[in-house]
Amino acid sequence: MKNEMLRIFDDNNQLIGQASRAEVHRLGYWHETFHCWFISHEAAKDYIYLQLRSLDKEDYPDLFDITAAGHLLVDETVEDGIREVEEELGVKVKREELISIGKIHYEAYKEEFIDKEIAHVFIYETPYKISDYQLQLEEVAGIVCVDFNHFYNFCFGKTNSFLAEGFICQGGVKSIFKDDITYNSLVPHELSFYQQVAERIKQYLNRR
């Protein structure tokens, strides 16, 4: 995985070449990723879904994150990012079902790890129930849904936590999850990143 080749960009968003994934994160090159946030509408409420990263993940293990996401390799288009959804969550998604909410640039730093992403961000109105997901356990250890309004308020500092419900798999055992999630339980993307995602999804929901 560290030897996967990615396209790299300068600070002006201009393509400057390619580098291995390990080099990208060591030297802090801008690179492209695919993000897909699942949402649903049930009983007059909107929901957003988060995945729990596996304990085996090198980066940010056992933290809640984007529903499905991944790096775009040098020979991949944005649409190819759909593979991440099917690999990680075990459900089928069609390109025409994805709704683009634009690109988000953000940075994260952790010891010798530099993550400077140009994220192509999509939302997907999932018809699936929580029980339908077949997780790629070496990557994903659980999936939960959250009242979107509670998530939105959390992102903008109106609350310190939000309730999440779903399931997790630990040691091959699947169990029900229902608990409050705080910022310390999330992958530490910049707060502005979460705010941009929440605001763009809210705009979409208001237009729907």
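Scroll up a little and you will see the structure.
Quick notes on the rules
- Residues numbered from 1 in each chain as written.
- Predicted model: local features only at pLDDT ≥ 70, side-chain atom pairs only at ≥ 80, totals over all residues.
- Heavy atoms only, no water.
- Buried < 20%, exposed > 50% of the residue type's maximum accessible area, 1.4 Å probe, protein only.
- Helix = DSSP H or I, 4+ residues; strand = E, 2+ residues; numbered from the N terminus.
- Arc of directions from axis to C-beta.
- Contact = heavy atoms within 4.5 Å.
- Polar contact = N/O pair within 3.5 Å; in protein donor to acceptor, adjacent residues only side chain to side chain.
- Axes fitted to C-alpha atoms, helices over the stretch in contact; angles between N-to-C directions.
- Parallel < 35°, antiparallel > 145°, perpendicular 65-115°, else oblique.
- Left-handed = near helix turned anticlockwise from the far one by under 90°.
- Nonpolar A, V, L, I, M, F, W, Y, C, P; charged D, E, K, R; others polar.

Draft legend 1. Expanded view of helix α3 (residues 148–155). Turning to α3, its buried residues are Phe 148, Phe 151, Tyr 152, Phe 154 and Cys 155. In an axial view of α3, the angular spread of the buried residues amounts to 160°, which keeps them on one side of the axis. Against the buried residues of α3 lie β3 (30–42), β4 (45–53), β9 (140–147), β10 (162–170), β11 (173–181) and α4 (191–207). Regarding α3, its N-cap is Asp 147, as a side-chain oxygen of that residue lies 2.9 Å from the backbone nitrogen of Asn 149 further along. A positive phi of about 75° marks Gly 157, the residue just after α3.

Draft legend 2. Examining unusual backbone geometry more closely. Despite not being glycine, Asn 13 has its phi angle at roughly 70°, a positive value. Within the secondary structure, Asn 13 is located in the loop between β1 (5–9) and β2 (15–20). Although it is not a glycine, Ala 44 sits at a positive phi angle of roughly 70°. By the element assignment, Ala 44 lies in the loop between β3 and β4. By relative accessible area, Ala 44 is classed as exposed at 70%.

Draft legend 3. Representation of the packing of α3 against α4. Contact geometry of α3 with α4 gives a least axis separation of 9 Å together with a crossing angle of 140°. Put simply, α3 runs oblique to α4. Handedness of the α3/α4 crossing: left-handed. Between α3, through Phe 148, Phe 151, Tyr 152 and Cys 155, and α4, the contact on the second element is made entirely by Leu 191, Tyr 194, Gln 195, Ala 198, Glu 199, Ile 201, Lys 202 and Leu 205. Of the residues assigned to the contact of α3 with α4, the class counts are nine nonpolar, one polar and two charged.

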